[in-house]
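Listed below are the residues making up each chain.
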Amino acid sequence: MNEPESSLRIVIADDDPDIRALVSIATKRAGLELVDALGDGESAWAAIREAKPDIVLLDVAMPGMTGIDVTRLIKADETLDRTRILLLSAAVSERDQAIGYEAGADEYLIKPFSPRGLSERLSQFARQDEASV
Amino acid sequence: MTLGSLTHRYTLGEVSPLAKQAPMAAMFVIAITLGALESGLVVHELYSFVVSGFLAAAATVLAAIFSTRPSLWHFALIVPSVDFIALGFLRYGTGGPGSAFAAYVILPVIWFAMEDGRQNALYAMIGTAIALFLPLIVGENLLHDPSEWLRAIISPVTFGLAAAIVNEVSRQARYRLDSMRQLAAEREEMLDETRDHTRALAASEAHLRELEGLMRNVWEAATEQIVVGTDLTGLIDVWNRGATRILGAHIDPLAEARYIEEFHLTTELDERAEALDFPLWETVANPRFAALIDRARQGDPDAGEWTYVRADGSTFPVHLSVTPRMDDSGVPVGYLFIGRDLTREREVNRLKDEFIGLISHELRTPLSSILGYLELMRDDDETELSSNQLQYLSVAERNANRLLRLVGDLLFTAQVDSGKFRVDKSEVDMSAIIRASIETSRPVAANAGVTVEGDGIPEKIVLAGDSVRLGQALDNLISNAVKFTPRGGTVTVGISTDAGNACISVSDTGIGIPADELDKLFGRFFRATTATKNAVPGVGLGLVITRAIVHAHGGEMAVRSEEGVGTTFEMTLPLAVGALVE
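In this text the structure is predicted, and so the values were computed from the model without any measurement. (Residues numbered from 1 in each chain as written. Chains lettered and ligands numbered in written order. Predicted model: local features only at pLDDT ≥ 70, side-chain atom pairs only at ≥ 80, totals over all residues.)

*Asks:* What exactly am I supposed to notice about the overall build of chain A here?
*Replies:* The number of helices and strands found in chain A is 5 helices and 5 strands. Of all 133 residues assigned to chain A, the portion counted as buried reaches 41%. When contacts within chain A are restricted to residue pairs at least 6 apart in sequence, long-range pairs at least 24 apart make up 64% of them. (Helix = DSSP H or I, 4+ residues; strand = E, 2+ residues; numbered from the N terminus. Buried ≥ 20, exposed ≤ 12 C-beta atoms within 10 Å, placed from the backbone. Contact = placed C-beta atoms within 7 Å.)

Okay, structure coming up:
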């Protein structure tokens, strides 16, 4: 069952179309508005700059511009200072996680992930957002 | 001809009795021949003349007998004694004081005189007297003239004195000969010893040449290692081909004064010297070199990683072992540095890390899809799944999770191998970890019909550790024990503490492990024959991981097992300072 529609807008990026679709489903179930689901860092960064979403969910290991690169760009852009960044990665070591957090990620999610768990986490964001309004 | 053989050949007193008697026998033959030819002129009294001939002949036969038996030679003086009597009769038979053969008496006198012992001079004198006074003994007084009496007294005394002089000269000659003999024997002994030493020396030299050759070969062959020797100040006195090749500099220690620290990264030496913070009372003339040999100078072999600088200024990592060099009496004379270029090793490790990262990513991403979509199917509200379909989903999920654990284990062991595995230590309650692991294992154990229980777990045992990793290690051991225990069996988890250590044991009543496989248990991918025979699932990484966790905590692992009876694994971990057992 999908969550009630939230005002939060999300952009997702993962080079694996299956994972992208899986994350899209989890996003919809959390009731977030999916602005765009993209397959590489460059187009994700273009969409983020244009749409200025509330949340971005980025795969770390994408060809070309990585999720870490996009995170750094977001953090460097003052117009995106309210955008929350979730990184998704198969790299599980503490060092990899530290790099993600140092780049500016708010959360570092490890593959494989539970779509149910991801939906719940995104729903929490939505509730926090509503509470803060 | 040796001195020994010479002295043996000319030994006094070793002439045979027959050889000594020979002159006397010859003189008697002359006397008898003359007596036979000129009887009237020579023989005055035939009976005595004949008796003397017989006695001389008897003495010669006796001498011949003695000569054949050296063991009887100390009785050989009987022969000259008989000669004296024979001469007494000869003198009497050939005219008494006017006998032409009176001078024959000198021959037995010399025999006596030559024998060892001063008393023989006296015997010679007595023998002479017997020869001269024999006419009195046989009853006829030939000493009617006083001058005859005087001669009969003076002659034995003179002969006795002559015998004494000859005896003394012989004694001294004998003494000198004995000394020479002893010297010769000593010299022979010394020569033998010298010959033995020469042979031993030759053998040692050959062995030494062999070792030298071996050393030279090893030295020449060591082109992949930097081998540099220095004195106590760091002045290079040994430089091998490997050093020339790897560092790109040829150094002739005899021709130039170069120091080891010239080939080290200066900033690194300075940092280490600063970190060592040499005490104020210690005079350190060269802190850089002192930092390099800090442990070795205390007598401990040291091994560590340093950065070397080539002749062209480029740098590279090196694994360097430093050992003190001692002289024959054990006094330190310098240091030996053996370095191995780590560039290729580092590159391999980097590629290995990249490979592991790639594999990890490439396996975990499809697993994300599999597990994620399986979950979506299970959570799909619109299409209700049949019980069979739900069971199929469970099987797929279980196996996907199994694959995920395998990837995790492989990643973990790779981290351990590359030395990147670290534990995050804090004060943890080991009792709580044990209780949690027991609870976690119970559903699976119950399904397998195995009981898992704690045995006297104290309320709290605090030690310094990583709670997640320690839990993982204990989960591995309990999960293994459950897998290897037949239905109806028991797995018991216990903990005990002693001097500074906590010992956590996991015992089962399982199938056991063959004794000859116990030492291989902690090898990667090793599976006991009892495991493969009984089709117990696993890949052989659990114990590798468990031991790595225990070692990372400064602990040790042990195992005891008996086939068909059960197995006990023990983790011994150091307790935290001020450990609390309640």
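From this point on, the discussion continues.
*Asks:* What exactly am I supposed to notice about the interface of chain A and chain B here?
*Replies:* A common way to state how big an interface is: give the accessible area lost once the parts meet. Residue-level contacts link 15 residues of chain A with 16 residues of chain B. Among the elements of the structure, helix 1 (17-29) and helix 5 (115-132) of chain A are those that each provide at least two residues to the side of chain A that touches chain B. For the side of chain A that touches chain B, the element with the highest residue contribution is helix 1 of chain A, accounting for 4 residues. Residues that form the side of chain A that touches chain B fall into these classes: 10 nonpolar, 1 polar and 4 charged. (Nonpolar A, V, L, I, M, F, W, Y, C, P; charged D, E, K, R; others polar.)

*Asks:* Before we go on, may I ask you to explain the packing of helix 1 of chain A against helix 12 (residues 343-379) of chain B in this structure?
*Replies:* Two measures define how a pair of helices packs: the angle their axes make with one another and the distance between the axes. Interhelical geometry of helix 1 of chain A versus helix 12 of chain B gives an angle of 35° and a closest axis separation of 9 Å. Viewed along their axes, helix 1 of chain A and helix 12 of chain B form a crossing whose handedness is left-handed. Along its contact with helix 1 of chain A, which presents Asp18(A), Ile19(A), Leu22(A) and Ile25(A), the element helix 12 of chain B presents Thr365(B), Ser368(B), Ser369(B), Gly372(B), Tyr373(B) and Leu376(B). Each residue belonging to the contact of helix 1 of chain A with helix 12 of chain B can be placed in one class, and the counts come to 5 nonpolar, 4 polar and 1 charged. (Axes fitted to C-alpha atoms, helices over the stretch in contact; angles between N-to-C directions. Left-handed = near helix turned anticlockwise from the far one by under 90°.)

*Asks:* Explanation requested: the pairing of strand 2 (residues 33-38) of chain A in the structure shown.
*Replies:* Moving residue by residue along a regular strand, the side chains alternate between the two faces of the sheet. All names here are of chain A. Direction of pairing for strand 1 (residues 9-13) relative to strand 2: parallel, over a ladder of 5 bridges. Pairing of Arg9 across the sheet is with Glu33, part of strand 2. In this view, the connection linking strand 1 to its parallel neighbour strand 2 by way of helix 1 has right-handed handedness. (Pairing = 2+ DSSP bridges. Right-handed = clockwise from strand over helix to strand, strands pointing away.)

*Asks:* Help me understand the sheet that holds strand 5 (residues 332-341) of chain B in this model?
*Replies:* Two strands in a sheet stick together by hydrogen bonds in their backbones, pointing the same way (parallel) or opposite ways (antiparallel). All names here are of chain B. If you walk across this open sheet you meet the 5 strands as 2-1-5-4-3, and the pairing is antiparallel. Strands with a single pairing partner mark the edges of an open sheet, and in this sheet they are strand 2 (236-239) and strand 3 (302-309). Ignoring strand direction, the axes of neighbouring strands in this sheet form an average angle of 30°. The pairing of strand 4 (residues 315-326) with strand 5 spans 9 bridges and is classified as antiparallel. Considered in strand 5, the bridge of His319 is made with Arg340.

*Asks:* I tried to follow the packing of helix 2 (residues 17-37) of chain B against helix 6 (residues 106-114) of chain B on my own but got confused; where do I start?
*Replies:* All names here are of chain B. Across the interface, helix 2 lies against helix 6 with an axial gap of 10 Å and an inter-helix angle of 175°. By the angle between their axes, helix 2 is roughly antiparallel relative to helix 6. Along its contact with helix 2, which presents Lys20, Pro23, Met24 and Met27, the element helix 6 presents Leu107, Pro108 and Trp111. (Parallel < 35°, antiparallel > 145°, perpendicular 65-115°, else oblique.)

*Asks:* Help me understand helix 5 (residues 78-93) of chain B in this model?
*Replies:* Think of an α-helix as 3.6 residues a turn; residues three or four steps apart then line up on the same face. Residues and elements named next belong to chain B. For helix 5, which comprises 16 residues, the first-to-last C-alpha distance of 22 Å matches the rise-based estimate of 22 Å (1.5 Å per residue) to within 8%. The buried count for helix 5 comes to 14 of 16 residues, which makes it a mostly enclosed element. Following helix 5 by one or two positions, Gly95 adopts a phi angle in the positive range, close to 115°. (Expected span 1.5 Å × (residues − 1).)

*Asks:* What should I look at first to understand unusual backbone geometry in this one?
*Replies:* A negative phi angle is the norm for most residues apart from glycine, just as the trans form is the norm for most peptide bonds. Residue and element names in this part refer to chain A. Omega for the bond connecting Lys111 with Pro112 falls within 30 degrees of zero, at -5°, which places this linkage in the cis form. Relative to the elements of secondary structure, Pro112 occurs in the loop between strand 5 (107-110) and helix 5. For Lys52, which is not glycine, the phi torsion reads 45° and is therefore positive. Considering the arrangement of structural elements, one finds Lys52 in the loop between helix 2 (41-51) and strand 3 (55-59). The class of Lys52 is partly exposed, set by 15 C-beta atoms lying within 10 Å.

*Asks:* Where do I start with the sheet that holds strand 7 (residues 451-455) of chain B in this structure?
*Replies:* Residue and element names in this part refer to chain B. Strand order in the open sheet made by the 5 strands is 7-9-10-12-11, with mixed pairing throughout. The open sheet terminates on both sides in strands that have one partner only, identified here as strand 7 and strand 11 (556-562). The mean inter-strand angle of the sheet, taken between neighbouring strand axes irrespective of direction, is 15°. Most of the contacts of helix 14 (residues 430-447) go to strand 7, to which it runs at about 165°, and overall it touches strand 7, strand 9 (490-498) and strand 10 (501-508). Along the sheet, helix 17 (residues 542-552) contacts strand 11 and strand 12 (566-574); its crossing angle with strand 11, the most-contacted strand, is approximately 140°.

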